[in-house]
Number of protein chains: 2
Amino acid sequence: MTTRRDAVHDTLRGSSGFRSAQDVYAEMRLHGAKIGLTTVYRALQALADGGKVDVLRTDDGESVYRACATDAHHHHLVCRKCGQTVEVAGPAVERWAETVGSEHGFTEITHTVEVFGTCSSCSTPSRTA
Amino acid sequence: MTTRRDAVHDTLRGSSGFRSAQDVYAEMRLHGAKIGLTTVYRALQALADGGKVDVLRTDDGESVYRACATDAHHHHLVCRKCGQTVEVAGPAVERWAETVGSEHGFTEITHTVEVFGTCSSCSTPSRTA
DNA sequence: AAGGACTTTGACAACCGTTTTCATTTTGGC
DNA sequence: GCCAAAATGAAAACGGTTGTCAAAGTCCTT
């Protein structure tokens, strides 16, 4: 059954940012779910393989996952403080990547584009109190 | 002394693609260098911190390094077969990232952009014999 | 319902790249 | 030559991730 996998997917949907496998595991346990870390990893991989969630790597090599609102190709604008993420399209970037690639004789072009910044909530100094 | 660090830097310069710390270490040992893995890691970090080399993460979480021809901000077009890398500029992308970020109220925008493809040498089928 | 084959699960160990530790060596200054 | 500070590197520690494998669950057939 895919019950566990769905549970993992649901947990991910409950968050607006990217979460690590261990985050998801911890949260599920907090909410009383009976699930093992191994299963969370497997569910996340399956979800990622099926294009149900997006994956990216943090600077320290951790894989983080996020349930995307759309199946279409898109990129992310991630707040480096709170992790809040906005899905953004970048047609211009897609074209640029293709162009740059073919100019140099490369084929089967793919690309990774992620934008980081500090969101308005986090950039308001007096908001931390 | 920075002798070891220079040696690491030189080794990196001898390659046209991104190399992992362990790759660099292995190659240096092959060429008879007396150096420890720890030192290679430290040298690579120092080089990266000083902006002397570019770092990125492979899909499996390994850090790979490359000696850049320029200190200026640029991106990479990497062959997914042989690793050959071309440095590319993308002013349009820089602007796009800024625009997208500020449209959503984000500040201090940074971005990661890498383009992957198959280079002309690697895409020629009969070249493998 | 019972039996059996196949799948899923999860505790735990193994992995692997990376970082830390710490004793030793090297370097530079006096 | 001597001492203090920095660099080195072997080995241990670390941390996220993956593999192992036996136990549990599921589904189909009888």
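Please refer to the structure higher up on the page.
Below: a short report on this structure. (Residues numbered from 1 in each chain as written. Chains lettered and ligands numbered in written order. Predicted model: local features only at pLDDT ≥ 70, side-chain atom pairs only at ≥ 80, totals over all residues. Heavy atoms only, no water.)

**Points about the protein's contact with DNA strand C**
- As a structural note, the neighbourhood of DNA strand C is formed by 15 residues, with A:Arg4, A:Thr39, A:Arg42, B:Tyr41 and B:Ser63 the closest of them.
- Near the protein, meaning within 4 Å, the atoms of DNA strand C are sugar or phosphate in a fraction of 66%, with bases accounting for the rest.
- Contacts to DNA strand C include A:Arg4, whose side-chain N or O atom sits 2.6 Å from a phosphate oxygen.
- Measuring from a base nitrogen of DNA strand C, one finds a side-chain N or O atom of A:Arg42 at 2.4 Å.
- Elements that contribute at least two residues to the surface near DNA strand C include exactly helix H3 (37-49) of chain A together with helix H3 (37-49) of chain B.
- Considering only residue class, the surface near DNA strand C consists of 4 nonpolar, 7 polar and 4 charged. (Near = heavy atom within 4 Å. Polar contact = N/O pair within 3.5 Å; in protein donor to acceptor, adjacent residues only side chain to side chain. Helix = DSSP H or I, 4+ residues; strand = E, 2+ residues; numbered from the N terminus. Nonpolar A, V, L, I, M, F, W, Y, C, P; charged D, E, K, R; others polar.)

**Considering the sheet that holds strand S2 (residues 53-57) of chain A**
- Here 3 strands make up an open sheet; going across it, the order is S1-S3-S2 (chain A) and the pairing antiparallel. Both outer strands of the open sheet, strand S1 (19-20) and S2 of chain A, are each paired with one neighbouring strand and no more. (Pairing = 2+ DSSP bridges.)

**Considerations on the interface of chain B and chain A**
- Contacts between the two partners involve 37 residues from chain B and, on the opposite side, 37 residues from chain A.
- Sorting the residues of chain B by area buried against chain A places B:Arg57, B:Trp96 and B:Phe106 first, and these three jointly supply 23% of that buried surface.
- Our count for the contact surface shared by chain B and chain A stands at 16 residue pairs in polar contact (both at pLDDT 80 or more).
- Taken together, the elements giving at least two residues each to the side of chain B that touches chain A come down to strand S4 (75-79), strand S5 (85-88), helix H4 (91-103), strand S6 (107-118) and helix H5 (120-123) of chain B.
- Looking at the side of chain B that touches chain A, the element that brings in the most residues is S6(B), giving 12 residues.
- Residue composition of the side of chain B that touches chain A, grouped by class: 16 nonpolar, 15 polar and 6 charged. (Contact = heavy atoms within 4.5 Å. Buried area = accessible area lost by both parts, 1.4 Å probe.)

Nothing here speaks to function; it is geometry throughout.
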